[in-house]
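Each chain is listed here by its residues.
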Amino acid sequence: MSRLTRLPGARSGGALALGLLLAGVGPASPGVEVDADHRAEVVVTGIPRPVQIALDAAGHLVILSHGWRGDAAANLYRLEVAALPLDATRMPRVVVPFSEEHRQVAFGSLAVDPREGDLYMGEENGNRVYRLNAGGRLDLFGIGLNQLLGGSSLAFDREGRLSVLDYASPEAQQRSETPPPASFEGLDPNAYHGPVVLRVDPRDAVPLPRRFDVIRPVFPARSAPPLQGEPPLYRFISTAITTSDAFVLLDSVGQIFVLAPGGSPQLLARLPAGHYHRTHMAVGPDGSIFVSSGFQIRRIFRVSPAGTVSVVAANLGDPEGIAVDDAGDLYVAENALHRVIRIRSALMPPPPSPQ
């Protein structure tokens, strides 16, 4: 998968203004429901089926789209946040083709290296991770995973280390590129069967592609005490990194755990009952955890550092990728409506003091 296509687009200022008006860029109402402390606005339209978004250090909103026809692994947009709102119908984008004729796997997860600005993308329901550097070179970064789910499967911490959530269920292990050999260890009633959390530093002098299957996982840690009684059946589907470099893990029934370095998962909160699938998470500057709950539930939840759950927005059009900036503004990809909205505080900033 080394062939990239960059599709340009340009229009005059007057035509752009008309496009914004026709596309409905502006307040995200009626439809989106937000609490009294927030307001929602449409900031990007014309994005076909956006599934993931991220913010880079250069002030860009990076959007991963599956395109109108689904004939490529990814369509990637880099839009200047300062230029929002805008209609992206004819904006430049990078098209990443499928890697091989028999491997028609689209990308479903996205993370931006905070140091280099490189994009890391994981195959949705696949087992490979790719890297697109700032110069436009696409490399196969890692292999040997069991299954990467769509959503928040990749995340960077403040030190620039990449975390990967591998959905290593017994069923997925048999479909892996490197299935584990048969052994008696798996028959142990106290053996762990579930997702694992891996972490690598892209700056390590290791030949590519990285072998994720030979990396010691962060979770479950081999140094952890033996399990007592029935082992927990974790089904983690999303991950994020807190400001203190702890892992936040969401499971398929809506439970949120915090995993401190060298520790075991500690339950922080339980989201309302529902079927959690294709979820996304982001951590705000105050340590709050924001969860984009997917198309079945159609809400954005906020979990405070103390574990209090509140609803930030509801009645969304298949909310998927979510990102939060240093000011606490949320960016949410509405897949079904082909747009990105921004949710921010309803309080107006104070006027500048007179000189």
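Here the structure is a predicted model, which means the values were calculated and not measured.

Counting its regular elements, the chain contains two helices and 27 strands. Long-range pairs, those at least 24 residues apart, make up 52% of the contacts in the chain with a sequence separation of at least 6. Surface summary for the chain: the accessible area is close to 16,800 Å², and the carbon and sulfur share equals 54%.

The next thing to look at is the environment of Gly-46. Among the structural elements, Gly-46 can be located in the loop between β3 (38-45) and β4 (50-55). We classify Gly-46 as buried; its relative accessible area is 18%. When the C-alpha atoms of Gly-46 and Thr-89 are compared, they prove to be 4.5 Å apart, with 43 residues separating the residues in sequence.

In this section: the sheet that holds strand β17 (residues 236-241). A sheet is described by the order of its strands in space; here four strands give the open sequence β17-β18-β19-β20, paired in antiparallel fashion. At either margin of the open sheet sits one strand with a lone partner, and together these are β17 and β20 (266-270). Averaged over all neighbouring strand pairs, the angle between strand axes comes to 25 degrees, with direction disregarded. As judged from the four bridges shared by strand β18 (residues 247-251) and strand β19 (residues 255-259), these two strands associate in the antiparallel manner. Each residue of the ladder has a partner; that of Leu-249, found in β19, is Phe-257.

Here Ser-163 shows up in strand β14 (residues 162-166). Judged by relative accessible area, which is 1%, Ser-163 ranks as buried. Those residues within four positions of Ser-163 in sequence are excluded, and the remaining contacts are Ser-153, Leu-154, Ala-155, Leu-198, Arg-199, Ile-241 and Phe-247.

Position of Leu-55 relative to the elements: it lies in strand β4. We classify Leu-55 as partly exposed; its relative accessible area is 26%. For the pair formed by Leu-55 and Val-81, sequence separation is 26 residues and the distance between their alpha carbons is 8.8 Å. The contacts of Leu-55, once residues within four sequence positions are left out, are His-60, Leu-61, Val-81, Val-112, Ala-323, Val-324, Asp-325 and Tyr-331.

Another aspect to go through is the nonpolar core. In terms of nonpolar packing, the biggest core is built from 18 residues, with Leu-64, Leu-76, Val-96, Phe-107, Leu-110, Leu-119 and Met-121 touching the most fellow members. Elements with a contribution of two residues or more to this core: β4, β5 (60-65), β6 (74-80), β8 (93-96), β9 (107-112), β10 (119-123) and β11 (129-132). Top element by residues in this core is β9. It accounts for three residues. Not counting the four nearest positions on each side in its chain, Leu-110 is found in contact with Gln-52, Ile-53, Ala-54, Val-62, Leu-64, Leu-119, Tyr-120, Met-121 and Leu-154. Within the second largest apolar cluster, 17 residues are counted, among which are Ile-237, Val-248, Val-283 and Phe-301.

Another point: the sheet that holds strand β2 (residues 33-34). Ordered by their spatial adjacency, five strands build an open sheet running β2-β24-β23-β22-β21, and the pairing between neighbours is antiparallel. Edge positions in the sheet fall to β2 and β21 (280-283), since each has one partner strand and no second. Here four bridges tie β21 to strand β22 (residues 289-292), and the two strands are oriented antiparallel to one another. When the sheet's bridge partners are listed, Ala-282 is paired in β22 with Phe-290.

What follows concerns the pairing of β14. Of all five residues making up β14, five are buried, and the element is well covered by its neighbours. Taking every second residue as pointing to the same face, both faces of β14 are buried, with Leu-162, Val-164 and Asp-166 on one and Ser-163 and Leu-165 on the other. Here three bridges tie strand β13 (residues 154-156) to β14, and the two strands are oriented antiparallel to one another. Paired with Phe-156 across the strands is Leu-162, a residue of β14.

Between Leu-84 and Pro-85 the backbone carries a cis peptide bond, its omega angle lying at 5 degrees. The residue after Leu-208, namely Pro-209, is reached through a cis peptide bond having omega 0 degrees. Secondary-structure assignment places Pro-209 in the loop between β15 (196-200) and β16 (210-211). If you check the backbone angles, Arg-49 has positive phi at about 50 degrees while not being a glycine. Structurally, Arg-49 is set in the loop between β3 and β4. You can call Arg-49 partly exposed: its relative accessible area is 29%. Notably, Asn-125 is not glycine yet its phi reads approximately 60 degrees, a positive angle. Tracing the sequence through the fold places Asn-125 in the loop between β10 and β11.

For the structure on display, the rule yields six aromatic pairs. Judged by centre distance (5.4 Å) and plane angle (55 degrees), the rings of Phe-107 and Tyr-130 are tilted. In this pair, Phe-107 is assigned in strand β9 and Tyr-130 in strand β11, connecting sequence segments 23 residues apart. When the centroid spacing of 6.4 Å and the interplanar angle of 55 degrees are considered together, the rings of Phe-141 and Phe-212 count as tilted. Here Phe-141 is found in strand β12 (residues 138-143), whereas its partner Phe-212 is found in the loop between β16 and β17, with 71 residues between them in sequence.

Thresholds, definitions, all that
Residues numbered from 1 in each chain as written. Predicted model: local features only at pLDDT ≥ 70, side-chain atom pairs only at ≥ 80, totals over all residues. Heavy atoms only, no water. Helix = DSSP H or I, 4+ residues; strand = E, 2+ residues; numbered from the N terminus. Contact = heavy atoms within 4.5 Å. Areas by Shrake-Rupley, 256 points an atom, 1.4 Å probe, with all protein chains shown as cover. Buried < 20%, exposed > 50% of the residue type's maximum accessible area, 1.4 Å probe, protein only. Pairing = 2+ DSSP bridges. Axes fitted to C-alpha atoms, helices over the stretch in contact; angles between N-to-C directions. Core = buried A, V, L, I, M, F, W, Y, C linked by side-chain atoms within 4.5 Å. Phe/Tyr/Trp six-rings, centres within 6.5 Å; stacked < 30°, edge-to-face > 60°.

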